[in-house]
Amino acid sequence: MFSNCVGRLGLLSRPHRHIQRKCGLHGRPNFTKNNYKAIRGNFGYLEEQHIQFFQKLLGYDRILTDLSDLEQYNVDRYCQVRGCSQIVLKPKTTEEVSQILSFCNENRLAICLQGGNTDVVGASVPVFDEIVVSTELMNEIIDLDENSGVIICQAGCVLENIDKKLEGSGLMVPLDLGAKGSCHIGGNVATNAGGLRLLRYGNLHGNVLGLEVVKANGEVIDCLSTLKKDNTGFHLKHLFIGSEGTLGFITKVSLQCPPRARSINVAFLGLQNFDKVLKTFRKAKEDLCEILSAFEVIDSTSMEFAKETVGITSPIGDYPYYLLIETSGSNPEHDADKLYKFLDLVLVKHLALNGTLATEPAKVNAIWAIREKIPEGFKHSSVLCYDFSLPLSKYFDLVEDMRNHMGSLAKKVFGFGHLGDGNLHLQIEVNEMSKEVRDHVEPNVFERVKQMNGSISAEHGMGFLKANYLSFANPPSKVEMMRNLKSMLDPKGILNPYKVFPWTYS
Ligand SMILES: Cc1cc2nc3c(=O)[nH]c(=O)nc-3n(C[C@H](O)[C@H](O)[C@H](O)COP(=O)(O)OP(=O)(O)OC[C@H]3O[C@@H](n4cnc5c(N)ncnc54)[C@H](O)[C@@H]3O)c2cc1C
């Protein structure tokens with residue numbers, strides 16, 4: 001099976017020994033290039049002399065060429081895609097990244113940039129034999145200014161580790177997501193990750209103050225400002241936020257960090273219908289106002305799925321819809337009082353049928369675990385995952401539509417997500433993942449989203465899996481400008497090919 005994938009290097013064609021990525025129910029996916037019949041771009045092949053260059057630059061211990069070591073870099077978190085890179089490089093400094101990129105550019109070697117490899121649209125692993133350049137050893141926190149609340153760190157710092165570092169200073173990272181223990185800040189910026197508290201802290205275009213980026217030709221671009229206001233020309237950092245590794249290699253990030261909340265409270269409610277969900281959302285914005293920090297919705301089928309796959313159950317019994325509402329602020333008494341009053345009101349007005357409140361950290365975490373563990377179930381089943389922005393009035397219509405459209409082809413169709421931002425995670429559980437099933441869903445589901453004036457990617461990006469819908473999702477003038485920017489910054493197209501921009505297939 002592996003002969004499909006090895007390149008021209010005899011020394012790398014050793015038999016496969018063990019697999020590190022655990023792929024659950026259906027084992028490792030087929031190679032992406034075969035599954036999707038993608039055609040390889042006109043790039044060079046890895047040769048012995050290239051490896052010698054990398055060895056001289058990084059030493060032997062920061063290069064992986066053993067196929068068993070490479071597996072976890074070739075397969076994504078949910079085992080949807082699988083590349084066949086023959087080498088992983090682990091630079092520690094910007095200078096090393098610059099030399100790697102400059103060398104690859106000269107030799108027309110394609111590169112896949114990788115952070116924590118938690119991406120869910122096939123952006124973080126190679127499609128063919130791209131060289132994987134991982135940020136996992138670029139994990140230094142460079143500076144923290146406690147007065148301004150600005151932290152500067154290397155791109156490979158794990159999100160949760162940055163947050164721990166900030167704890168002692170009474171600060172926190174403005175971004176939080178289920179993958180926080182594995183994802184890197186560089187990957188977060190490259191995907192413009194949204195997450196659980198976007199409602200409160202806004203997105204990374206606002207929170208990232210500056211970036212250091214290496215261009216495809218190795219040139220280092222210093223936009224690493226720590227200033228909140230700096231109108232000295234174009235704000236180039238925004239080009240790289242959400243560019244999914246196609247425009248440049250982010251090496252350092254300067255991030256604005258808000259004060260850490262002293263009191264965090266969470267309510268978990270059961271509701272009868274979606275109309276009441278929307279009314280409760282409006283009331284929460286009015287009454288909880290400045291302390292409202294997350295507003296998440298889960299439907300009953302999501303809860304059933306979580307019960308079957310990861311053993312999570314609702315602490316308040318079964319309801320058609322559940323809401324997780326978080327408040328965070330600086331005054332425990334005031335905040336808890338506000339949330340109690342709000343809960344009283346939604347129960348008295350029959351907006352919610354039942355609810356529970358957590359004010360102690362252990363209970364708060366237990367309630368958050370209900371929401372955060374739903375995606376864990378994807379490892380135990382075959383699930384097509386979608387991430388849409390939708391007008392709130394139509395938020396759950398799509399779930400019902402797709403349930404009808406799929407009929408017996410789907411085991412379950414369910415939805416949960418960041419309702420506070422209009423972001424729905426639509427999931428379709430199927431017996432077996434196949435091209436036929438995907439073709440039945442796509443582009444149908446995207447067309448429905450477009451008709452509803454939504455976006456086919458709220459926060460996960462286009463990656464490999466949605467790249468061929470770039471023109472579907474954007475007007476021609478916008479796509480042309482994206483292409484022009486790509487050819488200006490990466491004329492040979494070596495950075496993350498087959499991602500964001502449509503790829504060709506046979
Ligand atoms: C359980 C779970 C929950 C999640 N929840 C959310 C959520 O709430 N919100 C959300 O937005 N996403 C979510 N995600 C998706 C994912 O975690 C995010 O996209 C995350 O930001 C990816 O970070 P990473 O370090 O893992 O990047 P990777 O997966 O390694 O890479 C992602 C993309 O960024 C590029 N990249 C990585 N590092 C760099 C760099 N230094 N320079 C340039 N490009 C780079 C890669 O080439 C790739 O295109 C979730 C994923 C999981 C598994």
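First, a word on what this report is: a plain description of the structure on this page. (Residues numbered from 1 in each chain as written. Predicted model: local features only at pLDDT ≥ 70, side-chain atom pairs only at ≥ 80, totals over all residues. Heavy atoms only, no water.)

### Considering helix α12 (residues 332-348)
Spanning 17 residues, α12 covers 24 Å between terminal C-alpha atoms, matching the ideal 24 Å at 1.5 Å per step. For α12, the set of buried residues is Asp335, Ala336, Leu339, Phe342, Leu343 and Val346. On an axial view of α12, the arc spanned by its buried residues comes to 125°, and they lie on one face. Counted as exposed and oriented over 90 degrees from the buried face of α12: Glu333, Lys341, Asp344 and Val348. (Helix = DSSP H or I, 4+ residues; strand = E, 2+ residues; numbered from the N terminus. Expected span 1.5 Å × (residues − 1). Buried < 20%, exposed > 50% of the residue type's maximum accessible area, 1.4 Å probe, protein only. Arc of directions from axis to C-beta.)

### A short note on the sheet that holds strand β2 (residues 88-89)
One open sheet accounts for four strands, arranged β1-β2-β4-β3; its pairing is mixed. What marks the edges here is a single partner per strand, and that holds for β1 (63-64) and β3 (111-114). Note that β3 and strand β4 (residues 131-134) share four bridges and pair parallel. Looking at the pairing, Ile111 lines up with Ile131 of β4. (Pairing = 2+ DSSP bridges.)

### Some details on empty space enclosed by the protein
Applying the stated rule across the entire model yields seven cavities of 30 Å³ or more. Empty space within the largest cavity amounts to approximately 70 Å³. Gln80, Val120, Val121, Leu384, Cys385, Tyr386, Arg438, Glu442, Leu465 and Lys466 are the residues that line the largest cavity. The dominant element in the lining of the largest cavity, judged by the number of residues it contributes, is strand β14 (residues 382-389), at three residues. Per-class residue counts for the lining of the largest cavity are six nonpolar, one polar and three charged. Residue assignment places the lining of the largest cavity across two domains, with domain 1 (2-137) and domain 4 (381-484) each supplying three or more. (1 Å grid on protein atoms, 1.4 Å probe; cavity = no way out; pocket = protein on both sides within 12 Å on 5 of 7 lines; lining within 4 Å. Points joined across faces, edges and corners; volume = space filled by probe spheres on them. Nonpolar A, V, L, I, M, F, W, Y, C, P; charged D, E, K, R; others polar. Domains from an automatic or database assignment.)

### Focus on the site of the ligand
By nearness alone, 35 residues border the ligand, and Leu113, Gly115, Asn117, Thr118 and His184 come closest of all. Measuring from a nitrogen atom of the ligand, one finds a backbone N or O atom of Ile250 at 2.9 Å. Within the side chain of His418, a nitrogen or oxygen atom sits 3.5 Å from an oxygen atom of the ligand. Summarising the interface, the protein chains cover 97% of the accessible area of the ligand, which totals 970 Å² for the free molecule. When the residues that make up the shell around the ligand are grouped by side-chain class, the tally is eleven nonpolar, 20 polar and four charged. (Near = heavy atom within 4 Å. Polar contact = N/O pair within 3.5 Å; in protein donor to acceptor, adjacent residues only side chain to side chain. Areas by Shrake-Rupley, 256 points an atom, 1.4 Å probe, with all protein chains shown as cover.)

### Digging into the side chain of Thr280
With respect to the helices, strands and loops of the structure, Thr280 is situated in helix α10 (residues 274-287). Relative accessible area serves as the criterion here: at 0%, Thr280 is assigned to the buried category. The contact partners of Thr280, leaving out residues within four places of it in the chain, are Leu269, Leu271, Phe295, Leu323, Ile325, Phe342, Val346 and Leu351. (Contact = heavy atoms within 4.5 Å.)

### Description of the packing of aromatic side chains
According to the stated counting rule, one finds 24 aromatic pairs in the structure shown. With a centroid separation of 5.7 Å and 70° between ring planes, the pair formed by Trp503 and Tyr505 is classed as edge-to-face. Of the residues examined, Trp503 reaches a relative accessible area of 10% and is grouped as buried. Classification of Tyr505 by relative accessible area gives exposed; the value is 53%. Following the ring pairs from residue to residue traces out a cluster consisting of Tyr386, Phe388, Phe446, Tyr469 and Phe472. Against the face of Tyr45 rests Arg40, its NZ or CZ located 3.8 Å from the ring centre. The residue whose ring lies beneath Lys450 is Phe472, and the NZ or CZ to ring-centre distance is 4.3 Å. (Phe/Tyr/Trp six-rings, centres within 6.5 Å; stacked < 30°, edge-to-face > 60°. Lys NZ or Arg CZ within 6 Å of the ring centre and 35° of its normal.)

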